[in-house]
Amino acid sequence: MEATEIRKSLKQDNFEGVDFLDLDDLLTEEQKLIRASMRDFVKKEISPYIEDWTQRAYFPYEIVKKFGDVGAFGPQLPMQHGGGGLDYISYGLIMQEIERGDSGMRSTASVQGSLVMYPIYKFGTEEQRMKYLPKLGSGEYLGCFGLTEPDHGSNPSGMVTNFKDMGDHYLLNGAKMWISNSPKADIAVVWAKSEEGRIHGLIVERGMEGFTTPETHGKWSLRASCTGELVFDNVKVPKENLLPGKSGLGAPMMCLDSARFGIAWGAIGAAMDCYESARKYAAERIQFGKPIGGFQLTQKKLAEMLTEITKAQLLAWKVGKMMNEGTAKTVHISMAKRNNVEMALNIAREARQIHGGMGITGEYPIMRHMMNLESVVTYEGTQDIHLLILGQEITGIAAFK
């Protein structure tokens, strides 16, 4: 489909934020300016088109360069390595604003920054950083992250994708599934086992013989994001493409910590959009001679939405502060991801109720957010897995096996 066929919505995006407890007092002026800049970007480049993109299951590849221009890729990484040199709360606010526009758009940005740029920066050589990071940060390159396999999702340590040392190169075989960005990606950061059974990261480039990226069709969620597979059939990977800085499952898990942190903030954006739509609809929709916002059950729903958003904002801010200080642990990030995505999904469902039948149409963002959040609640650690991560921290007993 040609981009010129996209229909622009006539509805105006007049979002101004949700801040019941004056939590802006916790933000610096720079952080608020960064949020305002990204909010303006979303209003101009995403909101007018997202419903049509979603209806058509169309990924607007041109958004990649625009994200690069506005600094949405790797904002928490150093500027000399393609990032924005910002703190983690700023990164979170950027993800919040993008996901208010759409979870699929945020997925594109957070995969690029946290799952592709971050491991190259953290575990790569200086040569690898200089070769890939500036192009990824600018949006010239799009990247993806290959961890999940058809038979290994919540148990990534069981992966069967593997590589063998052939002397002057590695020979990579296997497959990855549910990979955001893969059909359009220029490079993939792929996690595979060596002959010794140790997990390593490899940079695989589009065009390498035997490397294909079939697209996943028929999705009812993240429809404006491109998703696919990574298939490796005797792919020759240069030895200089191995990430030498860290091996073992802990390496991709560190990447997921960064991405999960972004999701914890992003989910707040989706929740805000649903809440604001429900609040406005409740004021305008007349039944039994008055706005439905005047009925007790509607007020109950709205009051609970606002309360849960506020609690999630405080949780995300505190974990962001800990990330900046270097004291955040996996369990802290896990709690924030699980709580905030569950919160957003519940708010989407309650907002759908307030909108009545209109809530299932593309006239309002509710059903799109609800469908998207069904993916967000599953990827990068399912709801149950995150409960078990916290459960192990509480009891000292691992329940995974």
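Small disclaimer: the values here were computed from a predicted structure and weren't measured.

1. A few points about the UniProt feature "domain: Acyl-CoA dehydrogenase/oxidase C-terminal" (unreviewed entry) in the chain
- With numbering matched to this structure, UniProt assigns "domain: Acyl-CoA dehydrogenase/oxidase C-terminal" (unreviewed entry) to residues 247-394.
- End C-alpha atoms of residues 247-394 are separated by 28 Å, and the span's content is 77% helix alongside 3% strand.

2. Considering the pairing of strand β1 (residues 143-146)
- By the alternation rule, side chains of β1 split into G143 and F145 and C144 and G146, which are all buried.
- Across 4 bridges, β1 lies against strand β4 (residues 187-193) in parallel orientation. The residue of β4 that forms the bridge with G146 is V190.

3. Points about helix α11 (residues 383-395)
- Taking 1.5 Å as the rise per residue, α11 with 13 residues should run 18 Å; its terminal C-alpha atoms sit 18 Å apart, in good agreement.
- Q383, I385, H386 and I389 are the residues of α11 that are buried.
- Just downstream of α11, G396 is the residue with a positive phi angle, here 80 degrees.

4. Thoughts on the pattern of salt bridges
- For the coordinates displayed, the defined rule picks out 21 salt bridges.
- Between E374 and R349 there is a salt bridge; the shortest N-O distance is 2.5 Å. Pair noted here: E374 is in helix α10 (residues 366-376) and R349 is in helix α9 (residues 330-355), with a separation of 25 residues, a long-range link.
- When its relative accessible area of 36% is taken as the criterion, E374 is described as partly exposed.
- For R349, a relative accessible area of 37% puts it in the partly exposed group.
- Overlapping salt bridges, with partners in common, bring together D13, R100 and D273 in one network.

5. Comments concerning the UniProt feature "domain: Acyl-CoA oxidase/dehydrogenase middle" (unreviewed entry) in the chain
- Look at the UniProt record and you will see "domain: Acyl-CoA oxidase/dehydrogenase middle" (unreviewed entry) annotated at residues 144-235.
- Secondary structure content for residues 144-235 is 0% helix and 48% strand, while the C-alpha to C-alpha distance between its ends is 17 Å.

6. Examining the packing of aromatic side chains
- According to the stated counting rule, one finds 14 aromatic pairs in the structure shown.
- Measuring from ring centre to ring centre gives 5.8 Å for Y49 and W53, while their planes differ by 20 degrees; the resulting arrangement is stacked.
- Using a relative accessible area of 3% as the deciding quantity, one classes W53 as buried.
- Cluster of aromatic residues (ring-pair linked, three or more members): Y88, Y91, F261 and W265.
- Over the aromatic face of F295 sits the side chain of K290, whose NZ or CZ is 4.5 Å from the ring centroid.

7. Here we look at the environment of E380
- By the element assignment, E380 lies in the loop between α10 and α11.
- Residue E380 is classed as buried on the basis of its relative accessible area of 14%.
- Distance in space between the C-alpha atoms of E380 and S154 is 8.7 Å, their sequence separation being 226 residues.
- In contact with E380, other than residues within four places in its own chain, are L115, L256, A259, R260, I263, K337 and H386.

8. Quick look at unusual backbone geometry
- Phi is positive for F288, which is not a glycine, with a value near 55 degrees.
- Of note, F288 is situated in the loop between β9 (286-287) and β10 (290-291).
- For E380, which is not glycine, the phi dihedral falls at a positive 55 degrees.

9. What about the nonpolar core?
- With 97 residues, the main nonpolar core has I46, F67, I98, M105, I120, W191 and I309 as its most contacted residues.
- It is helix α7 (residues 250-284) that provides the largest number of residues to this core, a total of 18 residues.
- If you look at the next biggest cluster of nonpolar residues, it comprises 18 residues, including Y170, A188, F211 and F232.

10. Overview of a nonpolar patch on the surface
- On the surface, F20, L21, L26 and L314 cluster together into a nonpolar patch covering about 380 Å² of accessible area.
- Classification of L21 by relative accessible area gives partly exposed; the value is 48%.

11. As for the environment of H386
- Residue position: H386 is located in helix α11.
- Residue classification places H386 among the buried positions, given a relative accessible area of 1%.
- Residues H386 and K65, 321 residues apart in the sequence, show an inter-C-alpha distance of 33 Å.

12. Some details on the state of the cysteines
- Per the stated rule, a full pass over the model turns up 0 disulfides.
- Just so you know, C144 is unpaired, no disulfide at all, and the nearest cysteine sulfur is the one on C226, 8.9 Å from it.

Analysis parameters
Every residue gets a number counted from 1 within its own chain, in the order that chain's sequence is written. Only residues with pLDDT of at least 70 are given local features in this predicted model, and only at 80 or more are side-chain atom pairs given and counted; all residues enter the totals for whole chains, interfaces and linings. Only hydrogens and water are removed before side-chain values are computed, so all heavy atoms of the structure are retained for them. UniProt positions are given in the numbering used here, feature names are shortened, and annotations may be inferred rather than shown by experiment. Numbering of helices and strands starts at the N terminus; helices are DSSP runs of H or I of at least 4 residues and strands are runs of E of at least 2. When a residue's accessible area, from a 1.4 Å probe over protein chains only, is under 20% of the maximum for its type it is buried; when over 50% it is exposed; and in between it is partly exposed. Note on pairing: DSSP must find at least two bridges between two strands before they are called paired. Expected span of a helix: the number of residues minus one, times 1.5 Å. By convention in these notes, a salt bridge is any Lys or Arg side-chain nitrogen within 4 Å of a carboxyl oxygen on Asp or Glu. Aromatic rings from Phe, Tyr and Trp, taking only the six-membered ring of Trp, are treated as a pair when their centres fall within 6.5 Å; an angle between ring planes under 30 degrees marks them as stacked, one over 60 as edge-to-face, and anything in between as tilted. Whether a charge lies above a ring is judged from NZ of Lys or CZ of Arg, which has to be within 6 Å of the ring centre and within 35 degrees of the ring normal. Whether two residues are in contact is decided by their heavy atoms, any of which lying within 4.5 Å being enough. Definition of nonpolar core: a set of buried residues of the types Ala, Val, Leu, Ile, Met, Phe, Trp, Tyr and Cys, connected through side-chain atoms within 4.5 Å. For patch detection, residues must exceed 30% relative accessible area and be free of salt bridges, and they are connected within 9 Å for like charges or within 5 Å for nonpolar side chains (Val, Leu, Ile, Met, Phe, Trp, Tyr). Shrake-Rupley sampling with a 1.4 Å probe provides the accessible areas, and residues are treated as covered by the protein chains on show and by no other component. Disulfide assignment relies on a single distance test, namely cysteine sulfur atoms paired within 2.5 Å.

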